[in-house]
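Examining the three-dimensional arrangement
Single-letter residue listing:
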Amino acid sequence: MSVITGAWRRTAAGAGLLSPDGAVAPTIFAEMSALAASTGAINLGQGFPDEDGPAEVLEAARQAIADGVNQYPPGRGTADLRLAIAEHQKRFYGLDVDPDTEVLVTVGATEALTATLLALIDGPEDEVVVFEPYYDSYAAAVSLAGGTLRTVPLRVPDFQPDLDRLADAVTDRTRIILVNDPHNPTGTVFGADVLTEIVRLAERHDALIVTDEVYEHLAFRARHIPVATLPGAAERTLTISSAGKTFSATGWKVGWIHGPAALITAVLTVKQFLTYVGAAPFQPAVAVGLRLGDAFFADAAATLAHKHDVLGAGLQAAGFTVFAPQGGYFTLADATAVGGADGAEFCRTLPERFGVGAIPLAAFLPPAHRADPEYAGIVRFAACKKVSVIDEAVSRLARLRD
């Protein structure tokens, strides 16, 4: 008999982690990373960089530790980091944000998202609309909050949603429209028409908008437009981002959320009973990062774009059909032509056969949709690695054509 009950069962079920006997299975990321480690494969599955971020940011963390910034920071985050976040939003997007009442520092974007859903979802009558495929924590967090997940598919090849289907999904039962842009795993950047329709539907049905914008500075083939900048959106939008992707410091787990003061207070009410506060010495370091010159942010996007180009060219040469991303860490490729019509099985055998790890796109779908033939052969590769590592990976994958 399974010992998983209550909220834990809901969370595991929402993430698609319950086996038929009720046991909790590992996530696909843990499974594929373990396979890569056990076979000595190059891990292009899990999305973390293999190069450190800017030296001045790293040095600021070391200096903070040396200066004794090692105890609990304020619950909302250090005052200077909250100010830096507000300055960042004004500098890049023209948004006026009160650092004292409209910003909350969190332990990564995942905590910001989970605390938000726990704070704002009242039960199964509250629906959360997400675009699928979606980052796996979304369904788990909705389940943990006791809400109901409604999905809108992103369609091959451009991974933009059908606006009619979006309009059908958003109803008076919709509590939150959850927008991940730039999008993981597809690498798409939503067009202005999509964002405008999201705001229109939210206003019509009195829904909130929650955005996950962790790849905001890593959009390289289309301009990232924060939803909160659109007319009528700011008063109903909670914007989430983090330092991990921009500054190649995913292990620091420093995120933030900003929006209307009353909503931020609601999120804080939950967050304070999750982690209470985040790591103190990383907060002044992230403030330094957010104040770096424009050249740093432009170079980060350009460097990642080049890595995607190298990866995409290598995958195409190996026989994959490549979907060129517009932003983010990941490139999607259809493996059908190289024997990967079943993407999940293909990824499970790839480390042993060819020494490369990847993730099937089906892992980012609800369990009932994982057999969708449109997505079945598509797999995700991480481009956030050294170019030399990507070169070696695509060299190994070239043997698929032998």
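Residues numbered from 1 in each chain as written. Predicted model: local features only at pLDDT ≥ 70, side-chain atom pairs only at ≥ 80, totals over all residues. Heavy atoms only, no water.

In the annotation of an unreviewed UniProt entry, the entry for the chain reads Aminotransferase class I/II-fold pyridoxal phosphate-dependent enzyme, and the organism field reads Microbacterium galbinum. What the UniProt record of the chain gives under Cofactor (unreviewed entry) is the line "pyridoxal 5'-phosphate". (UniProt positions renumbered as here; feature names shortened; annotations may be inferred.)

Observations regarding the overall build of the chain
In terms of regular secondary structure, the chain is built from 13 helices and 14 strands. Taken over the C-alpha trace, the chain has a radius of gyration of 21 Å; the compact-globule value for 402 residues is 21 Å, and the two agree within 12%. A principal-axis box enclosing the C-alpha atoms of the chain has dimensions of 60 × 50 × 50 Å. Per-residue burial over the chain gives 57% buried out of 402 residues. Within the chain, residue pairs in contact and separated by at least 24 positions form 75% of the contacts whose partners lie at least 6 positions apart. (Helix = DSSP H or I, 4+ residues; strand = E, 2+ residues; numbered from the N terminus. Rg over C-alpha atoms; globule rule 2.2 N^0.38 Å. Buried < 20%, exposed > 50% of the residue type's maximum accessible area, 1.4 Å probe, protein only. Contact = heavy atoms within 4.5 Å.)

So, the pattern of salt bridges
Across all of its chains, the model carries 17 salt bridges by this definition. The shortest N-O distance in the salt bridge between Arg155 and Asp372 comes to 3.5 Å. Remark: Asp372 occurs in the loop between strand S13 (359–360) and strand S14 (378–382) and Arg155 occurs in strand S4 (residues 148–155); sequence separation between them is 217 residues. Given the relative accessible area of 26%, Arg155 is considered partly exposed. Among the salt bridges present, the one from Glu374 reaches Arg155, with a minimum N-O distance of 2.4 Å. (Salt bridge = Lys/Arg side-chain N within 4 Å of Asp/Glu carboxyl O.)

Quick word on empty space enclosed by the protein
Applying the stated criterion across every chain yields a total of 2 cavities of 30 Å³ or more. When its volume is computed, the second largest cavity comes out at roughly 40 Å³. Lining the second largest cavity are Pro74, Gly75, Arg76, Gly77, Val105, Thr106, Lys271, Val277, Gly278 and Gln283. (1 Å grid on protein atoms, 1.4 Å probe; cavity = no way out; pocket = protein on both sides within 12 Å on 5 of 7 lines; lining within 4 Å. Points joined across faces, edges and corners; volume = space filled by probe spheres on them.)

Details of the nonpolar core
Ile198, Phe320 and Phe381 are the most contacted members of the largest nonpolar core, which totals 59 residues. Those residues in contact with Phe320, other than ones at most four positions away along the chain, are Leu315, Ala333, Asp334, Ala335, Val338, Phe346, Val379, Phe381 and Leu400. With 40 residues, the next largest nonpolar core counts Ala109, Val128, Ala300 and Cys384 among its residues. (Core = buried A, V, L, I, M, F, W, Y, C linked by side-chain atoms within 4.5 Å.)

Quick notes on the UniProt feature "domain: Aminotransferase class I/classII large" (unreviewed entry) in the chain
Per the UniProt entry, the sites bearing "domain: Aminotransferase class I/classII large" (unreviewed entry) are residues 41–366 in this numbering. With 39% helix and 17% strand, residues 41–366 has its two end C-alpha atoms placed 28 Å apart.

A short note on the packing of helix H11 (residues 294–318) against helix H13 (residues 387–397)
One way to put it is that H11 packs onto H13 with a least axis distance of 9 Å and a crossing angle of 10°. Judged on the interaxial angle alone, H13 and H11 are roughly parallel. Each of His306, Lys307, Val310, Leu311, Gly314, Leu315 and Ala318 in H11 lies in contact with H13, whose residues at this interface are Val387, Ile390, Asp391, Val394 and Leu397. Along the lines of polarity and charge, the residues of the contact of H11 with H13 split into 8 nonpolar, 2 polar and 2 charged. (Axes fitted to C-alpha atoms, helices over the stretch in contact; angles between N-to-C directions. Parallel < 35°, antiparallel > 145°, perpendicular 65-115°, else oblique. Nonpolar A, V, L, I, M, F, W, Y, C, P; charged D, E, K, R; others polar.)

Things to note about the sheet that holds strand S3 (residues 127–132)
Strands sit in the order S2-S9-S8-S7-S6-S3-S4-S5 across an open sheet of 8 strands; the sheet is mixed. Because the sheet does not close on itself, it has two edges, and the strands there are strand S2 (103–106) and strand S5 (160–161). Of the pairings in the sheet, the one linking strand S6 (residues 174–180) to strand S7 (residues 208–212) comprises 5 bridges and is parallel in character. Pairing of Leu178 across the sheet is with Val210, part of S7. Helix H5 (residues 108–120) contacts S2, S3, S6, S7, strand S8 (237–242) and strand S9 (255–258) of the sheet and is inclined by roughly 155° relative to S8. (Pairing = 2+ DSSP bridges.)

Focus: helix H8 (residues 192–205)
Here H8 is 14 residues long and its end C-alpha atoms lie 20 Å apart, about the 20 Å a rise of 1.5 Å per residue gives. Taken as a whole, H8 has its buried residues at Val194, Leu195, Glu197, Ile198, Val199, Leu201, Ala202 and His205. Of the residues one or two after H8, Asp206 is the one with positive phi, at around 55°. (Expected span 1.5 Å × (residues − 1).)

A short note on helix H3 (residues 55–66)
Compared with an ideal rise of 1.5 Å per residue, which puts 12 residues at 16 Å, H3 spans 16 Å between its outermost C-alpha atoms and is within 8% of the ideal. Where H3 is concerned, the buried positions are Val57, Leu58, Ala60, Ala61 and Ala64. The arc that holds every buried residue of H3, seen down its axis, measures 155°, which confines them to one face. Looking at H3, the residues exposed on the side facing more than 90 degrees away from the buried face are Ala55, Arg62 and Ala66. Considering only its buried residues, H3 is in contact with helix H10 (282–290). Gly68 occupies a position one or two residues after H3 and carries a positive phi of about 90°. (Arc of directions from axis to C-beta.)

A few points about the pairing of S3
Within S3, 6 of the 6 residues are buried, which leaves it mostly tucked inside the rest of the structure. Alternating positions in S3 separate into two faces, Glu127, Val129 and Phe131 on one and Val128, Val130 and Glu132 on the other, with burial throughout. Relative to S4, S3 is paired through 6 bridges, and the arrangement is parallel. Along S4, the bridge assignment pairs Val130 with Thr151. For the crossover from S3 across helix H6 (residues 137–145) to S4, the handedness is right-handed. (Right-handed = clockwise from strand over helix to strand, strands pointing away.)

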